[in-house]
Amino acid sequence: MKAIRRFTVRPVLPEPLRPLSELARNLRWSWHAETRDLFQSVDPERWSSSGGDPVRLLGSVPAARLAELAGDRRFRRRLTAVADDLHDYVSGDRWYQEQPAGLPAAIAYFSPEFGVTAALPQYSGGLGILAGDHLKAASDLGVPLIGVGLLYRHGYFRQSLSRDGWQQEHYPVLDPNELPVTPLAEADGSPARVSLALPRGRSLHARIWLAQVGRIPLLMLDSDVEENDLGERGVTDRLYGGGSEHRLLQEMLLGIGGVRAVRTYCRLTGHPEPEVFHTNEGHAGFLGLERIAELCAGGLDFDAGLEAVRAGTVFTTHTPVPAGIDRFDRELVARHFGPEGELPGIDVQRILQLGMETYPGGEPNLFNMAVMGLRLAQRANGVSLLHGRVSREMFSGLWPGFDADEVPITSVTNGVHAPTWVAPEVFRLGARQIGAQRAEDALSVGGSDRWDSVADIADEDVWELRRELRGQLVEEVRRRLWASWRQRGAGAAELGWVEGVLDPEVLTIGFARRVPSYKRLTLMLRDRDRLMDLLLHPERPIQIVVAGKAHPADDGGKRLIQELVRFADDPRVRHRIVFLPDYGMAMAQKLYHGCDVWLNNPLRPLEACGTSGMKAALNGCLNLSVLDGWWDEWYQPDFGWAVPTADGADGGSPARPATGEDADHRDDVEAAALYDLLEQRVAPRFYERGRAGLPDRWIEMVRRTLTLLGPKVLAGRMVREYVERLYTPAAHAHRALGPDAARELARWKARVRAAWHEVTVDHVETSAGSATAELGSTLGLRVRVGLGGLGPDDIEVQAVSGRVDEEDRIADATAVALKPAGAPDPDGHWVYEGPLSLDRTGPCGYTVRILPSHRLLASTAELGLMTVPSEGATGGAGVLLR
């Protein structure tokens, strides 16, 4: 029989065990081994069946066992020690508190998904896992962050396979009362709520749930409340589900409702108000509109409010392709704002202009969330060096006239939270070497360039660790594979072969990620005979563990999974290659721990960062990857292997087109290169033995990976970079842009934009007597400019020089400001002068340009305005040192 209503019965803990409740509700247990060990000791069998979730564990432990533990002095001592450690962790000074004054009082971090732990399944892939790692690292560092997201009643989805290998989706209902979250309450005990106005007089209400991630509060909005109609209750039903209006309402709730939730949380708890707002991808971009509306309600006009909001906003883009950006029909957006919807005090046309694709090739009838995010943020970044270059090119149309290198989008390469992803066995080996506290600090706070103490670990200890972790993975794979085949309809009598799947002594390769086409799940199947030879090699076999989910609406991705599954079902190879369904955090940890090689073969440069290989590397796994994302930035032969690409690209240039014969040729070439690497370099290195019977050269690569790559890939390093390069400058800009300064900057921008058509470069001359000059010499530049209604304080005249190509385009440009020489002439024109140093040889050239200049601008490219000489404005100017 089926229950007509569901409710949660909470255990009553004996008084001596009350600290267990706080330990279970603070998600630090998800990365703190001592806390997990304590919960496991409560009831090891129930701990395993609960999936390592303390909330579920405590809800299932019999009262008699709790009474027994309450009388166990040894357990109570352990409980007290762990509870005291948590108190010290959340209240004591950490890295952030030891920095010089001037850092932000608080930062609000918005993301549509957060992957903190499998016990709180609110993530679909890399974006959410990155957001969860960002919160954990901020907690370890003491950064005063507030996380903001949505609480989805069905999460993403659970994945299984049909008998013929087709992906099946399941959406289990998540009851917040059974999750490690608590409702945020008003002073009178009533649930804290936020509301949004909808068209036709309707409202969208949401309650606020709090997940405590170490020191970091994570606020999660849930629309499944009785005050809502059925349609509004389903707004937070599932991650990335529904049609355009459904997604728009999710993103309005995340951005606008999220700001209101932050204000509510700060009011109720006394937490400092954020000075910086960080938008993790464009989904939360509407937060800037809510903050403008707040300032307008306080007396600022829209333009001044926009400047004040931009100053304290950071925008991170995670996609290298326009198709990955949320775009909505302009009419749909217009219908939800203005007098009949949200933010009635803001002109709808001003809102629509923020998301307009005004660049060549843009769609004028679409509202682009990433474009709005960039326009509402004074600081923006990609998530690897290569992705930063790709992003500058992709969005360069928003800054017309500027070279892509000057587009104001920087990069902060992602990192991963080592305490979450490093195997306990790896940590213990490090702790034996340098002590537990130093090992913990090295993994969480970071700060060093090298982990030199890894060199002191004996080769046999390194190899024994890798063998132990590989053996654990083999057992995990067999368990999951047996369960998967049972779900597919196989009887227990058919599955005796599962006990022989994988071999703990064979080179093990991992491939696990989402399954969009550009990640090329099936590239390894390009030449099936050759792959089969590699899997079944008599002396140097390989074995491959594959996992991944396709989006529920992506039948192309599902077909790729089915193709891989059908190959892996072949009785000839099924002991050497497996596909594991329902890829998530719990499975991922075992894969990262136990694989010897982590494979990644995306279509370059479509992998923005790709952090799975980082997690594997921290466990001594070597990377085998296309030079894309973070691997393009940090690859060395010491750390693994680079798969050559068909176009031979080694910079930021795009790969070949993804359709037609070119795509087939590219995949053939790159698959062949992958097979060659596995056959000729990877497998021989793994199986080659030295005098002591150990694979000495493989162990050395593991050692170099941990020593040199380990410190780079930490989320602690990433968050410190955000603090130093983005959050702190944003906080200073926010403080500098009070109401009067915001009005001043807005008026100045309006005046400059209105007058810019009058700004001209009338004449350029140089002291050069010929088209050649000597290295180390200096040229004198003299430039006559017209400024119209502007003055020298409003602009900067620059000489831009560098090497030139065959078409006289300047590369590696250096800009030098020129100075006004005296007062304007009778016609109102100004003369600017300055030296041009010739510090490089070969074909070089220069030009001049005029840019807006103001003390409150973060970049001279901010307004997207530039004036350069016309064809007839040069005299003696041009190419030098031919």
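Residues numbered from 1 in each chain as written. Predicted model: local features only at pLDDT ≥ 70, side-chain atom pairs only at ≥ 80, totals over all residues. Heavy atoms only, no water.

Draft legend 1. Spatial organisation of the pairing of strand 1 (residues 107-110). Side chains of strand 1 alternate between two faces, with Ile107 and Tyr109 and Ala108 and Phe110 buried alike. Here strand 1 runs beside strand 2 (residues 145-150); their pairing, made up of four bridges, is parallel. What sits directly across from Ile107, in strand 2, is Leu145. Handedness of the β-α-β unit built from strand 1, helix 7 (residues 126-141) and strand 2 comes out right-handed. Across four bridges, the pairing between strand 1 and strand 9 (residues 276-280) is parallel. Bridge pairing in strand 9 links Tyr109 to His278. (Buried < 20%, exposed > 50% of the residue type's maximum accessible area, 1.4 Å probe, protein only. Helix = DSSP H or I, 4+ residues; strand = E, 2+ residues; numbered from the N terminus. Pairing = 2+ DSSP bridges. Right-handed = clockwise from strand over helix to strand, strands pointing away.)

Draft legend 2. Structural detail: the packing of aromatic side chains. The full count for this structure, using the stated rule, is 19 aromatic pairs. When the ring of Trp630 is compared with that of Trp631, the centres are 5.3 Å apart and the planes differ by 70°; the resulting orientation is edge-to-face. Using a relative accessible area of 3% as the deciding quantity, one classes Trp630 as buried. By relative accessible area, which is 1% here, Trp631 ends up buried. Where Tyr722 meets Tyr727, the ring centres are 5.7 Å apart and the plane angle is 25°; that geometry is what we call stacked. Judged by its relative accessible area of 1%, Tyr727 falls in the buried class. A network of ring pairs unites the aromatic residues Trp463, Trp641, Phe686, Tyr687 and Trp698 as a single cluster. (Phe/Tyr/Trp six-rings, centres within 6.5 Å; stacked < 30°, edge-to-face > 60°.)

Draft legend 3. A look at the packing of helix 11 (residues 302-311) against helix 28 (residues 739-755). Running from amino to carboxyl end, helix 11 crosses helix 28 at an angle of 110°, the nearest separation of the two axes being 8 Å. In terms of axis orientation, helix 11 runs roughly perpendicular to helix 28. Where helix 11 crosses over helix 28, the handedness of that crossing is right-handed. Residues Asp303, Ala304, Glu307, Ala308 and Arg310 of helix 11 form the contact with helix 28, whose own contacting residues are Ala742, Arg743, Leu745, Ala746 and Lys749. (Axes fitted to C-alpha atoms, helices over the stretch in contact; angles between N-to-C directions. Parallel < 35°, antiparallel > 145°, perpendicular 65-115°, else oblique. Left-handed = near helix turned anticlockwise from the far one by under 90°. Contact = heavy atoms within 4.5 Å.)

Draft legend 4. Spotlight on helix 6 (residues 73-91). The end-to-end C-alpha distance of helix 6, which contains 19 residues, comes to 27 Å, matching closely the 27 Å that a straight helix rising 1.5 Å per residue would cover. Looking only at helix 6, the buried set comprises Phe75, Leu79, Val82, Leu86 and Tyr89. End-on, the buried residues of helix 6 take up no more than an arc of 90°, which puts them together on one face. Turned more than 90 degrees away from the buried face of helix 6, the exposed residues are Arg73, Arg74, Arg77, His87 and Asp88. Against helix 1 (19-25), helix 2 (33-42), helix 5 (63-70) and helix 7 lie the buried residues of helix 6. (Expected span 1.5 Å × (residues − 1). Arc of directions from axis to C-beta.)

That is the geometry; function is a separate question.
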